[in-house]
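Notes for the structure review
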Protein chains: 2
Amino acid sequence: VSDRRPIGVFDSGVGGLTVAAALERRLPAESILYLGDTARLPYGTKSEQTVARYTQTNVDFLAGRGVKAVVVACNTASALALPHLATALPVWGVIEPGAERAVELSAGRVGVIATESTVRSEAYAQALRRRRADLEVLSRACPLLVPLVEEGWLDDPVTSAVLVRYLAPLLAAGIDTLVLGCTHYPLLAPAIRAVTGPDVRLVDSAEAVAAEVAAGLAERGLESDRHTGADHICVTDAAAHFERLARTILERPVRLELVDLHTAGGQEP
Amino acid sequence: VSDRRPIGVFDSGVGGLTVAAALERRLPAESILYLGDTARLPYGTKSEQTVARYTQTNVDFLAGRGVKAVVVACNTASALALPHLATALPVWGVIEPGAERAVELSAGRVGVIATESTVRSEAYAQALRRRRADLEVLSRACPLLVPLVEEGWLDDPVTSAVLVRYLAPLLAAGIDTLVLGCTHYPLLAPAIRAVTGPDVRLVDSAEAVAAEVAAGLAERGLESDRHTGADHICVTDAAAHFERLARTILERPVRLELVDLHTAGGQEP
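Residues numbered from 1 in each chain as written. Chains lettered and ligands numbered in written order. Predicted model: local features only at pLDDT ≥ 70, side-chain atom pairs only at ≥ 80, totals over all residues. Heavy atoms only, no water.

Time to look at the packing of helix H8 (residues 157-172) of chain B against helix H9 (residues 189-196) of chain B. Residues and elements named next belong to chain B. The geometry of H8 relative to H9 is characterised by a closest axis approach of 10 Å and an angle of 50° between their N-to-C directions. Overall, the two elements H8 and H9 adopt an arrangement that is oblique. The chirality of how H8 crosses H9 is right-handed. Between H8 and H9, the residues in contact are Ser160, Leu163, Val164, Leu167 and Leu171 and Ala191, Ile192, Val195 and Thr196, respectively. Within the contact of H8 with H9, the residues separate by chemical class into seven nonpolar, two polar and no charged. (Axes fitted to C-alpha atoms, helices over the stretch in contact; angles between N-to-C directions. Helix = DSSP H or I, 4+ residues; strand = E, 2+ residues; numbered from the N terminus. Parallel < 35°, antiparallel > 145°, perpendicular 65-115°, else oblique. Left-handed = near helix turned anticlockwise from the far one by under 90°. Contact = heavy atoms within 4.5 Å. Nonpolar A, V, L, I, M, F, W, Y, C, P; charged D, E, K, R; others polar.)

Relative to chain B, chain A is turned by 180° and slid 0.0 Å along the rotation axis, the superposed coordinates differing by an RMSD of 0.0 Å. Put plainly, the chains are arranged around a two-fold axis. Closest to the rotation axis within chain A is the C-alpha of Arg40(A), separated from it by 2.6 Å. Comparing interface residues between copies, 100% of those in chain A also lie at the interface in chain B; the contact surface is shared. (Least-squares fit on C-alpha atoms with pLDDT ≥ 70 in both.)

All right, on to the nonpolar core then. If you look at the biggest cluster of nonpolar residues, it comprises 112 residues, and the most contacted ones within it are Leu17(A), Ile113(A), Leu145(A), Leu17(B), Ile113(B) and Leu145(B). Not counting the four nearest positions on each side in its chain, Leu145(B) is found in contact with Ile113(B), Val162(B), Leu163(B), Tyr166(B), Tyr185(B) and Leu188(B). (Core = buried A, V, L, I, M, F, W, Y, C linked by side-chain atoms within 4.5 Å. Buried < 20%, exposed > 50% of the residue type's maximum accessible area, 1.4 Å probe, protein only.)

As a further point, take the pattern of salt bridges. Applying the stated criterion across every chain, the model contains 28 salt bridges over all chains. Here the salt bridges do not stand alone but share partners, grouping Glu96(A), Glu100(A), Arg130(A) and Arg131(A) into one network. (Salt bridge = Lys/Arg side-chain N within 4 Å of Asp/Glu carboxyl O.)

Right, let's talk about the packing of aromatic side chains for a bit. On inspection of all chains with the given rule, the structure shows four aromatic pairs over all chains. With centroids separated by 5.6 Å and ring planes inclined at 50°, the aromatic side chains of Tyr43(A) and Tyr54(A) adopt a geometry described as tilted. Here Tyr54(A) lies in helix H2 (residues 48-64) and Tyr43(A) lies in the loop between strand S2 (32-36) and H2, a separation of 11 residues in the sequence. Neither Tyr43(A) nor Tyr54(A) differs from the other in exposure class; each is buried. Taken together, a centroid distance of 5.7 Å and an interplanar angle of 45° make the contact between Tyr166(A) and Trp153(B) tilted. Of this pair, Tyr166(A) sits in helix H8 (residues 157-172) while Trp153(B) sits in the loop between helix H7 (145-151) and H8, on two different chains. Under the relative-accessibility criterion, Trp153(B) is labelled buried at 10%. Here the basic side chain of Arg165(A) rests over the ring of Trp153(B), its NZ or CZ set 4.6 Å away from the ring centre. The aromatic ring of Tyr54(B) is capped on one face by Arg40(B), whose charged end is 4.0 Å from the ring centroid. (Phe/Tyr/Trp six-rings, centres within 6.5 Å; stacked < 30°, edge-to-face > 60°. Lys NZ or Arg CZ within 6 Å of the ring centre and 35° of its normal.)

Right, let's get into H8(B). All names here are of chain B. The end-to-end C-alpha distance of H8 is 21 Å, a good match for the 22 Å that 16 residues give at a rise of 1.5 Å each. Approximately 40° is the largest bend angle found in H8, and it occurs at Tyr166, with the proline Pro169 only one to four residues beyond. Of all the residues in H8, the buried ones are Val158, Thr159, Val162, Leu163, Tyr166, Leu167 and Leu170. For H8, the N-terminal capping position is held by Asp156, with its side-chain oxygen 2.8 Å away from the main-chain nitrogen of Val158. Within two residues after H8, Gly174 carries a phi angle of roughly 80°, on the positive side. (Expected span 1.5 Å × (residues − 1). Bend = angle between axes of the 7 residues up to and from the residue. Polar contact = N/O pair within 3.5 Å; in protein donor to acceptor, adjacent residues only side chain to side chain.)

This part is about the interface of chain A and chain B. With 35 residues of chain A at the contact, the number on the chain B side is 35 residues. When chain A packs against chain B, the two sides together hide about 2,600 Å² of surface, and 54% of this comes from carbon and sulfur. When residues of chain A are sorted by the area they lose upon contact with chain B, Leu144(A), Arg165(A) and Asp237(A) head the list and together hold 20% of the total. For the interface between chain A and chain B, the tally reads two salt bridges. With a closest N to O distance of 2.7 Å, Arg165(B) and Asp156(A) form a salt bridge. Applying the counting criterion to the chain A and chain B interface returns 14 residue pairs in polar contact (both at pLDDT 80 or more). (Buried area = accessible area lost by both parts, 1.4 Å probe.)

All names here are of chain A. With their axes 9 Å apart at the nearest point, helix H4 (residues 95-105) and helix H6 (residues 123-131) run at an angle of 50° to one another. In terms of axis orientation, H4 runs oblique to H6. When you trace H4 past H6, the crossing you get is right-handed. Contacts between H4 and H6 involve Ile95, Glu96, Ala99, Glu100, Ala102 and Val103 on the former and, on the latter, Ala123, Tyr124, Ala127, Leu128, Arg130 and Arg131. Its residues placed into classes, the contact of H4 with H6 shows eight nonpolar, no polar and four charged.

The analysis is restricted to geometry; functional conclusions fall outside its scope.
Encoded structure:
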C-alpha cells in the first residue's frame with residue numbers, strides 16, 4: 001500500500017520551510033504542499049482567537065487541495081491553535097517534538113526563545129514540565145528576530161547586539177539548552193551560537209518534527225513509495241523576499257503560486 | 001450648519017494615532033473613530049493588491065459606522081491603495097500633505113524613509129517631483145523600525161545602530177530634509193534627530209494632513225461645532241502592546257473595542 005498524496009505544511013511565512021527541508025531530507029519519497037500565509041503574517045504578535053481562526057483556514061485550504069496529513073510548522077500556531085483545530089486529518093505541531101528533544105538534551109535548565117504569543121501561551125514551559133516536572137524553564141519573547149531574518153541581516157553586528165540583549169538573562173541564569181521556538185530562528189543559529197558559546201545545546205524543532213512525522217505516517221500506513229515531483233509552494237501574498245529566503249533554505253530554485261484563501265479551498269469564517 | 005459625525009481614521013496598527021493626535025490638537029470640536037487593523041498588520045511588507053483589499057474593507061467598515069470622512073493614516077495604504085479605493089466619502093491620505101511640506105522646507109535634496117512597500121511604490125518620489133521636478137529624492141526602506149517601536153526601544157543603542165545603518169547613505173548624499181514616511185516613525189524622532197544632527201529638517205505627515213483635513217471639511221461644510229465625546233478606538237485583534245503605546249501617543253487613557261471586519265460593517269471581498 002502506498003499513499004502518494006502530499007503532506008501539507010504551513011507557516012505564517014517563509015520560516016516553516018526549515019521544517020519542509022527537514023521533511024525532504026528525512027522522507028525523500030514524500031511530496032510536500034507548502035502554504036505560507038504571507039498576507040496575514042506575522043502570527044507571533046496576535047491573539048489566540050485570531051491565530052486559531054487563521055490556522056483553521058489554512059488547514060481547510062490544504063485539506064481542499066487533497067493532502068493526507070498536516071504539519072503546523074509555525075510555533076505560534078502550534079502553541080495557540082492546535083487545541084481548537086477541527087479536522088479529520090492527522091496533524092503534527094512543532095512544540096511537542098521540540099520539547100521532547102530539549103528534555104533529552106538538558107541537564108535541568110532550559111531556555112526558550114520565541115515570539116510574544118508563543119511565550120505568553122506558555123506552551124513550551126507546559127510541554128517541558130509535563131515531561132520532567134523539576135525542569136527549570138526560562139522563556140524570552142524576541143520580537144525583533146523575525147524582522148532581522150526577513151531583512152537578511154543573518155551575520156550582522158546589529159543582530160548580534162539584539163541577540164546579546166535577549167539572551168543575556170537566560171545565560172546569566174545558567175541555561176544548558178536553548179529551544180529555538182520559532183521556525184525563523186534556525187537561520188540565526190550561527191549568530192546565536194556565537195553568543196551562547198559551545199556549551200549550550202541548541203534545539204531546532206524541524207529535525208524533531210520530521211522524525212515524529214515519519215513514525216506517524218508509518219503507524220497509519222500513509223507512507224508514499226515514490227516522490228511524485230509535485231512539491232509545491234503556495235503563498236497568500238507575493239512578498240518580494242519570500243523567494244530569495246526560500247531558495248536559501250531549500251537550496252534549490254522554487255516556484256510560487258499565489259492563492260486566495262477566501263475563494264480557493266478554505267472559507268474565511 | 002454643523003456635522004457632528006466622527007472623522008474615520010485608520011492605520012494597520014497603533015502608529016496612525018500620531019495622526020489622530022494631530023487631528024485632535026488641530027480640530028478639537030471633531031470626534032474621531034479610529035480603526036487599527038492589528039489582525040492583518042503590518043501592511044508595509046505586503047503587495048499592492050493585498051493592501052488595496054485591506055484598505056477597502058477598512059473604509060467600508062468606517063462608512064458602516066457612519067463617519068463623514070476618512071483619513072488613511074497609513075503611509076503604505078496611502079501609497080498603494082488610494083487609487084483603487086471605491087467610496088462616496090471624502091478621503092485624505094498622508095503622502096500628498098507630507099510631500100507638500102517637504103517641498104516647502106527643502107533646498108533641493110530630500111530623503112524619504114518608509115516601509116518596503118511604500119518605497120517600492122515610489123509614491124513619495126512621484127508626489128515630490130510632481131511639485132518640483134528638479135528635486136533630488138533618495139528613498140530607503142527601513143523594515144526594522146516598526147518592530148523596534150513596537151518593542152518600545154525608542155531610546156536605545158540598538159535602535160541608534162539600526163538608524164545609523166539606514167540613514168548613513170542618505171546623510172552621505174547630503175539630504176537637507178527627511179520625510180518620516182511611516183506613522184510609527186515620529187515616535188523615533190528624537191533618536192532620528194540624534195543621528196541626522198540639527199541641520200536636517202524632519203517632516204512628520206501628521207501635522208500636514210491635519211491642516212489639509214481642516215481646510216477640506218470647511219470647504220465641504222462638514223465641520224462640527226462641538227465635540228460629542230465619542231472618540232473611539234476599534235482594533236481587529238487585541239494586541240497587548242497597543243493600549244500601552246496608544247496611551248503614550250494620545251497622552252490619555254484609552255478604551256479599545258475589538259471588532260470583526262467580516263461581520264460588522266465591511267465585508268471581506
